[in-house]
Each structure stands twice: as structure tokens, then as C-alpha cells.
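Below are the chains, spelled out letter by letter.
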Amino acid sequence: MLEEQHPGRPAGPGQPQRLDIALAGFGTVGQGLARLVHENRESIRRRTGKEIRIKSVLIRSEHRRAAVEAIGARAVTDYRELLDDPDIAVVCELMGGTGFARRFLEEAIAAGKHVVTANKALLAENGMDLFAQAQARGVHLGFEASVAGGIPVVQPLKEALAGNRLQSLLGILNGTANYILTEMTDKGLDFGTALGQAQQLGYAEADPTLDIQGIDAAHKLVLLIRLAFGVDYPFAQLPVTGITVVTPMDIAFAREFGFRIKLLAQARLVDGKVEAGVYPALVPEGYLLASVSGAYNAIRLEGNAGPVVLHGRGAGDMPTGSAVLADVMATIRHDAPDNLGFVDSRLPEAEILDLDDAVSEHYVRFIVPDAPGVLRDIAGVMADHAISLQQVIQKSRSDAGEGIPLVFLTHEAAADAVHKAMRQVEALGLTLGTTMHYRIL
Ligand code: HSE
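Residues numbered from 1 in each chain as written. Predicted model: local features only at pLDDT ≥ 70, side-chain atom pairs only at ≥ 80, totals over all residues. Heavy atoms only, no water.

Focus on the overall build of the protein chain
Moving on, step 1. Scanning the protein chain for helices and strands turns up 17 helices and 17 strands.
Moving on, step 2. Against the globule reference of 22 Å for 441 residues, the protein chain gives a C-alpha radius of gyration of 24 Å, in line with a compact fold.
Moving on, step 3. Structurally, the protein chain occupies a C-alpha span of about 90 × 45 × 35 Å along its principal axes.
Moving on, step 4. Sorting the 441 residues of the protein chain into buried and exposed places 54% on the buried side.
Moving on, step 5. Across the protein chain, contacts joining residues at least 24 apart in sequence account for 73% of those joining residues at least 6 apart. (Helix = DSSP H or I, 4+ residues; strand = E, 2+ residues; numbered from the N terminus. Rg over C-alpha atoms; globule rule 2.2 N^0.38 Å. Buried < 20%, exposed > 50% of the residue type's maximum accessible area, 1.4 Å probe, protein only. Contact = heavy atoms within 4.5 Å.)

Side note on the pattern of salt bridges
Moving on, step 1. Per the stated rule, a full pass over the model turns up 26 salt bridges.
Moving on, step 2. A salt bridge links Arg-226 to Asp-232; its shortest N-O distance comes to 3.0 Å.
Moving on, step 3. Look at Arg-226 and you get buried, because its relative accessible area is 1%.
Moving on, step 4. On the basis of relative accessibility, which here comes to 15%, the residue Asp-232 falls in the buried class.
Moving on, step 5. Residues participating in the shared-partner salt-bridge network are Arg-18, Asp-20 and Arg-53. (Salt bridge = Lys/Arg side-chain N within 4 Å of Asp/Glu carboxyl O.)

What about the side chain of Ser-146?
Moving on, step 1. Looking at where Ser-146 falls in the secondary structure, it is placed in the loop between strand 6 (141–142) and helix 9 (154–158).
Moving on, step 2. Here Ser-146 falls in the buried class, since its relative accessible area comes to 0%.
Moving on, step 3. Those residues in contact with Ser-146, other than ones at most four positions away along the chain, are Thr-117, Ala-118, Asn-119, Lys-120, Leu-123, Lys-220 and Leu-223.

A word on the packing of helix 3 (residues 41–48) against helix 15 (residues 317–333)
Moving on, step 1. For the pair helix 3 and helix 15, interaxial distance at closest approach is 10 Å and the crossing angle is 30 degrees. In this view, helix 3 runs roughly parallel relative to helix 15, as classed from their interaxial angle. For the pair helix 3 and helix 15, the crossing hand works out as right-handed. Facing helix 3, whose interface residues are Ile-44, Arg-47 and Thr-48, helix 15 presents Leu-325, Met-329, Ile-332 and Arg-333.
Moving on, step 2. The residue inventory of the contact of helix 3 with helix 15, partitioned by class, reads four nonpolar, one polar and two charged. (Axes fitted to C-alpha atoms, helices over the stretch in contact; angles between N-to-C directions. Parallel < 35°, antiparallel > 145°, perpendicular 65-115°, else oblique. Left-handed = near helix turned anticlockwise from the far one by under 90°. Nonpolar A, V, L, I, M, F, W, Y, C, P; charged D, E, K, R; others polar.)

Describing the packing of helix 2 (residues 28–39) against helix 15
When two helices pack together, their arrangement is given by the angle between the helix axes and by the axis-to-axis distance.
Moving on, step 1. Interhelical geometry of helix 2 versus helix 15 gives an angle of 70 degrees and a closest axis separation of 7 Å. Viewed along their axes, helix 2 and helix 15 adopt a mutual orientation that is roughly perpendicular. In this structure, the crossing between helix 2 and helix 15 has a hand that is right-handed. In contact with Thr-28, Val-29, Gly-32, Leu-33, Arg-35, Leu-36, Val-37 and Glu-39 of helix 2, helix 15 contributes Asp-317, Met-318, Thr-320, Gly-321, Ser-322, Val-324 and Leu-325.

Comments concerning the nonpolar core
Moving on, step 1. Counting 87 residues, the largest nonpolar core has Phe-143, Leu-157, Leu-221, Ile-225, Phe-229 and Tyr-363 as the members making the most contacts within it.
Moving on, step 2. If one sorts the elements of this core by residue count, helix 13 (residues 215–229) sits on top with 10 residues.
Moving on, step 3. If sequence neighbours within four positions are ignored, Leu-221 has contacts with Leu-169, Leu-173, Leu-238, Ala-265, Gln-266, Ala-267, Ala-276, Gly-277 and Val-278.
Moving on, step 4. By size, the runner-up hydrophobic cluster in this structure holds 31 residues, among which are Phe-26, Ile-52, Ile-59 and Leu-94. (Core = buried A, V, L, I, M, F, W, Y, C linked by side-chain atoms within 4.5 Å.)

So, the site of the ligand
Moving on, step 1. The immediate surroundings of the ligand are formed by Lys-120, Asn-174, Gly-175, Thr-176, Tyr-203, Ala-204, Glu-205, Asp-211, Asp-216, Lys-220, Gly-314 and Ala-315.
Moving on, step 2. A distance of 2.6 Å is found between an oxygen atom of the ligand and a side-chain nitrogen or oxygen belonging to Lys-120.
Moving on, step 3. One of the backbone N or O atoms of Tyr-203 is found 2.8 Å from a nitrogen atom in the ligand.
Moving on, step 4. A breakdown of the residues in the shell around the ligand according to their chemical character gives three nonpolar, four polar and five charged. (Near = heavy atom within 4 Å. Polar contact = N/O pair within 3.5 Å; in protein donor to acceptor, adjacent residues only side chain to side chain.)

Examining the sheet that holds strand 2 (residues 50–58)
Moving on, step 1. With respect to topology, six strands assemble into an open sheet ordered 3-2-1-4-5-6, the strand pairing being parallel. Each edge of the open sheet carries a strand with a single partner, namely strand 3 (74–76) and strand 6.
Moving on, step 2. Inspection of the sheet shows strand 2 paired to strand 3 by three bridges, in the parallel sense. In the sheet register, Ser-56 faces strand 3, and the bridge partner there is Arg-74. (Pairing = 2+ DSSP bridges.)

Quick word on the side chain of Thr-410
Moving on, step 1. Secondary-structure assignment places Thr-410 in strand 15 (residues 404–410).
Moving on, step 2. Setting aside its immediate chain neighbours within four residues, Thr-410 contacts Glu-361, His-362, Ile-387, Ser-388, Leu-389 and Gln-390.

Topic: the domain arrangement of the protein chain
Size of an interface: often given as the accessible area lost when the parts come together.
Moving on, step 1. What the domain assignment lists for the protein chain is domain 1 (1–150 + 315–353), domain 2 (164–312) and domain 3 (356–440).
Moving on, step 2. Taking only C-alpha atoms into account, the centre of domain 1 sits 51 Å from that of domain 3. (Domains from an automatic or database assignment.)

Describing helix 10 (residues 175–186)
Since there are 3.6 residues in each turn of an α-helix, residues three or four apart along the chain are aligned in direction.
Moving on, step 1. Between its first and last C-alpha atoms helix 10 spans 16 Å; for 12 residues at 1.5 Å apiece the expected length is 16 Å, and the two agree.
Moving on, step 2. With 11 of its 12 residues buried, helix 10 lies for the most part within the structure.
Moving on, step 3. Within helix 10, the full set of buried residues consists of Gly-175, Thr-176, Ala-177, Asn-178, Tyr-179, Ile-180, Leu-181, Thr-182, Glu-183, Met-184 and Thr-185.
Moving on, step 4. At its buried positions, helix 10 is contacted by strand 7 (166–172), helix 11 (191–200), helix 12 (209–212), helix 14 (248–256), strand 8 (259–270) and strand 10 (296–303).
Moving on, step 5. Looking one or two places after helix 10, you find Gly-188, whose phi comes out positive at around 70 degrees. (Expected span 1.5 Å × (residues − 1).)

A word on the environment of Asp-357
Moving on, step 1. Take Asp-357: it is sitting in the loop between strand 12 (352–353) and strand 13 (359–368).
Moving on, step 2. Classification of Asp-357 by relative accessible area gives exposed; the value is 52%.
Moving on, step 3. For the pair Asp-357 and Glu-275, spaced 82 residues apart in sequence, the C-alpha separation works out to 9.1 Å.

And the structure:
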């Protein structure tokens, strides 16, 4: 059966031509890709006129050898064997990391191979050189799998949405974080239990702190900003807050006010400048993004030709494997690489707007003593900073030790004014615990 799947010989008369590819890494995504190359071989042939064969797989640990050989591929331990093999037209980097993976991709591009990668950390943190190198060498650098797994967003931004001049994007881009928040909200699970489940289900990064600290979503946001706005927002300057700050108490208050807490990746163009960040925020229950649950991802794009929402699986072997496969197929279907969707891959650096100046409604929760005048004093500080209050909840009992929670929803105000008011309330000694602040979408 494997012989039939991978004939290991040039195509004969009447048979489709074959495209030999190599993988570097054979973990979750590589194995999903191998399964799809096998299961979808007929539709691949009909769409591209070719049969795809995984010829070789670079392994870094012998424990993968048997799995590689089971798909009829050759397991190699020296990456040069892949790059020196003239049969191999496309190499898929599915290892992750920013050290060896970078060298491998640079050498693959220099060797004239088309490259496909799922490595958002590498592309976001210092990937612009790779795009320039790919452009100079005239090869494809496919990265559909790097953003939101099985949701097609890279190709649509380059092609189907190219007629819509985009002005804002809003995403739930990390399945692990969304899964954890969903489990905490719907089942009352604690953070650690929900994270353990996400890891077991294969959603989390090898280092899950990238997921829960918002860094994985930030990597993806930088890639989307390049594709949507044609500028490079330096990753190191992106404001990022993760979900480790989210408490069951704030999830419960948010629900009481009619909101869900979601980890959002947000960017918009204001007068040609980019305002962007990753942060947990309150999303009104009626919004589509509020109902994106579990490990699903979603991206809302809005431009001068109207809004579009994409929703689907953001992680996992088959969804992400399918994105890699689509990029491999694109190397067959499209002659001219168009890796970032712009004629010139050398994008200018974004002019950045300070996220603290962004205006929105806010949720602010204090832990305060249950004493006369406290509410008046805090409301006074808010008024001193021109922050107008919309709703207030005060609970007489809580699990917050000696204090009680006092929660404000504000009218529109700049985040900077809210931060200053919070610091002043704390400086006046009016609080007994950590103050929490969320933007409201
Ligand atoms: N760890 C990522 C997530 C998977 O949870 O969304 C793919 O990027």
C-alpha cells in the first residue's frame, strides 16, 4: 500500500508528474500533513496535476524514525541531505524555534528550494530578512500554517481580500488561551486544569507560556499586520498582556454585565499609523467573537469594502497540516512567488500609535474596604481624570479576603487616564488587593 502511495519512480506516460517534498520535523503538524498527502492524493492531483510525495524527513531524535519510515519516507539526520537533493522542490520547516530553523530556511532559500513554514515566532521576530531573501531568489515562502492553523487567512489577505483596503483587524488567535478562558467561563475550571487539558489535546506550544502570556498571539498579529497593512510592526514594540491575570472573579463579573473575557489581538490604521496590541478584553455577549469557543480561532477584518469574519480551527494536526499542504500546492499552481502579497517584500516599518492613547469603554475592578466614603472617594478620583462612569457593582461578600470587590464600567476614555486613576486610587490607600483593568470592545 505504501508502494502504491509513493511509487518512488518518475511518473510514467499518462500518470501525473510528481512533486517531491521534504519535511524538517515530524511532530503533530508533520504527521497531519503526511496523512492529508495520503488521504487527499486524488484531489491534490485534480487540483495541481501532480502527485505529492514526502521523500525525506529531517529528524532530530531517533524515536521519530519508525513513524517516518511508516509513510514510506526516508529519515535523515543531516539537513544538507535535503537541500542537496535535486529531486526535492519544496521543504517544509515544521520544527519550530528561532535558531536552527532560521539557518535551515536561509540555506534552503539559498539552495533555490521553495519553503513552507509554520514558524510564526521566527517570521514575526526576525522574518523580514527571510522574505527579502526569498524574493531575491524567486522562491515561495509559504506561511499559511503560521497564523490560525486551519483558517485560511494568509492567502485571502494576499488575494481574495486584496480589493478591500483594510483598516482594522481583530482576532482570537490563540486556541490554548481561548480554550482555557472558555473552560473557566463555562465549566468553572481553574486555570491550571484547563491548561493541562489544552496541552493534552495538542493545542499548546511546546512552551505553553507563549500561549498564556499572549506571545503566540502577538507573533500571529505581527504577521497579519504585514499582510493587511503592508507595514512591519516590530514585534519587540507590540504591547502584550496574557491571560495569567484573568481571575474567576472577573470572569463572573464580566458575565454579570453581559460580556465574555477573550484574549484579543487587535490592530487598526489611524491616519496611516498603526495602533495594535494583544490583551484580554471584555467582548459583548452578542458579538460573533464572544461565541468563539474552545480552541477555535476567529479573525474579523474590516476595510473600505466591508467586514469579513473568518472562523475555524486554529491548531491541531489536520487543520494546520492542511494549511501547509495548501502552501505546497500553491508552489505548483502559482509561478510567481508573492509571499507577502505586495510587489516588494521589503515592507516599510510601521509608524506606531501608543495603545495607551486608544479610547474605549473600560472595566475596572478594585478590592476595597467595606467602609463609608470609599465609593465616593474612588468615584471622585475617576472624575478628576474626566472618566465618566456607566455602571457600578459592589458586592458585600466575596472570596477576596477582608476586602470587597467594587467594579466600574466606564464610558469612553483613554486607557492612559484609567491607568492614572487606578494608580491614584492605590496611592491614596483605598485598595486592599490587586486592581484589574480590561478594555471593553
Ligand atoms: N499554540 C497555538 C494555539 C497553536 O494554541 O493557538 C498554533 O499556533
